[in-house]
Amino acid sequence: MYRTTMQTFSVEVTNTGESYLCAKDENLLRGMVRLGRRGIPVGCINGGCGICKVRILSGEVEVVGPISRAHVSEEEEAQGITLACRVAPRSAVVLTVVGKMSKPFLALAAANGQGRLSTQSKGE
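Read on for an overview of the structure.

Conventions and cut-offs
- Residues numbered from 1 in each chain as written.
- Predicted model: local features only at pLDDT ≥ 70, side-chain atom pairs only at ≥ 80, totals over all residues.
- Heavy atoms only, no water.
- Pairing = 2+ DSSP bridges.
- Helix = DSSP H or I, 4+ residues; strand = E, 2+ residues; numbered from the N terminus.
- Axes fitted to C-alpha atoms, helices over the stretch in contact; angles between N-to-C directions.
- Core = buried A, V, L, I, M, F, W, Y, C linked by side-chain atoms within 4.5 Å.
- Buried < 20%, exposed > 50% of the residue type's maximum accessible area, 1.4 Å probe, protein only.
- Salt bridge = Lys/Arg side-chain N within 4 Å of Asp/Glu carboxyl O.
- Disulfide = S-S within 2.5 Å.

### Some words on the sheet that holds strand 5 (residues 81–83)
Then, in step 1: Reading across from one edge, 2-1-7-3-5 is the order of the five strands in this open sheet, with mixed pairing throughout. Of all strands in the sheet, those bounded by a partner on one side alone are strand 2 (18–23) and strand 5. On average, each strand axis in the sheet is inclined to that of its neighbour by 40 degrees, with strand direction left out of account.
Then, in step 2: Alignment of strand 1 (residues 8–13) against strand 2, held across six bridges, turns out to be antiparallel. Along strand 2, the bridge assignment pairs Val-13 with Glu-18.

Encoded structure:
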């Protein structure tokens, strides 16, 4: 069995209350995929599609690649919105999935009786 000594951080998804561990050398989307949720897009992984929008509610992240202004405006970025495929954790992170990727998370929240949670950002 392979063991890593890479530092990991807890990432909480407020839409569902789930948490996952994410290594400091991987982007938040890669870690999120381990939740096993159907519908999490992983085809792009380079910021080109803009589907993996999240709002960082708390914690520190580091940008690991360019984030297109076509997908995240300066105003959105100032509100903590970024692309999960373009940032890596530097501390424990609490985030909300916003935009198009919220659908698989909303389905789980509804199934668990959590009702519809607001995940839309301005302008979406």
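### Here's the deal with the nonpolar core
Then, in step 1: Ranked by size, the top nonpolar core spans 24 residues in total, and within it Tyr-20, Leu-28, Met-32, Leu-95 and Met-101 carry the most contacts.
Then, in step 2: Mapped by element, the contributors of at least two residues to this core are strand 1, strand 2, helix 1 (28–33), strand 3 (53–58), strand 5 and strand 7 (93–97).

### Some remarks on the pattern of salt bridges
Proximity of charged atoms lets side chains of opposite charge pair with each other.
Then, in step 1: Scanning the entire structure with this criterion turns up four salt bridges.
Then, in step 2: Of the charged contacts in the structure, one is a salt bridge between Glu-76 and Lys-53, with a shortest N-O distance of 2.9 Å. With a gap of 23 residues between them, Glu-76 in helix 2 (residues 74–78) and Lys-53 in strand 3 connect regions that are remote in the sequence.
Then, in step 3: When its relative accessible area of 9% is taken as the criterion, Glu-76 is described as buried.
Then, in step 4: Note on Lys-53: relative accessible area 8%, which makes it buried.

### Details of the pairing of strand 3
Then, in step 1: Judged from the three bridges that link them, strand 3 and strand 5 form a sheet pairing that is antiparallel. Bridging across to strand 5, Lys-53 finds its partner in Leu-83.
Then, in step 2: Bridge analysis of strand 3 against strand 7 gives four bridges, and the strand direction is antiparallel. Considered in strand 7, the bridge of Arg-55 is made with Thr-96.

### Side note on the state of the cysteines
Then, in step 1: For the structure on display, the rule yields zero disulfides.
Then, in step 2: With no disulfide of its own, Cys-52 has Cys-85 as its nearest cysteine by sulfur position, at a separation of 3.6 Å.
Then, in step 3: The buried category is assigned to Cys-52, whose relative accessible area is 3%.
Then, in step 4: Judged by its relative accessible area of 3%, Cys-85 falls in the buried class.

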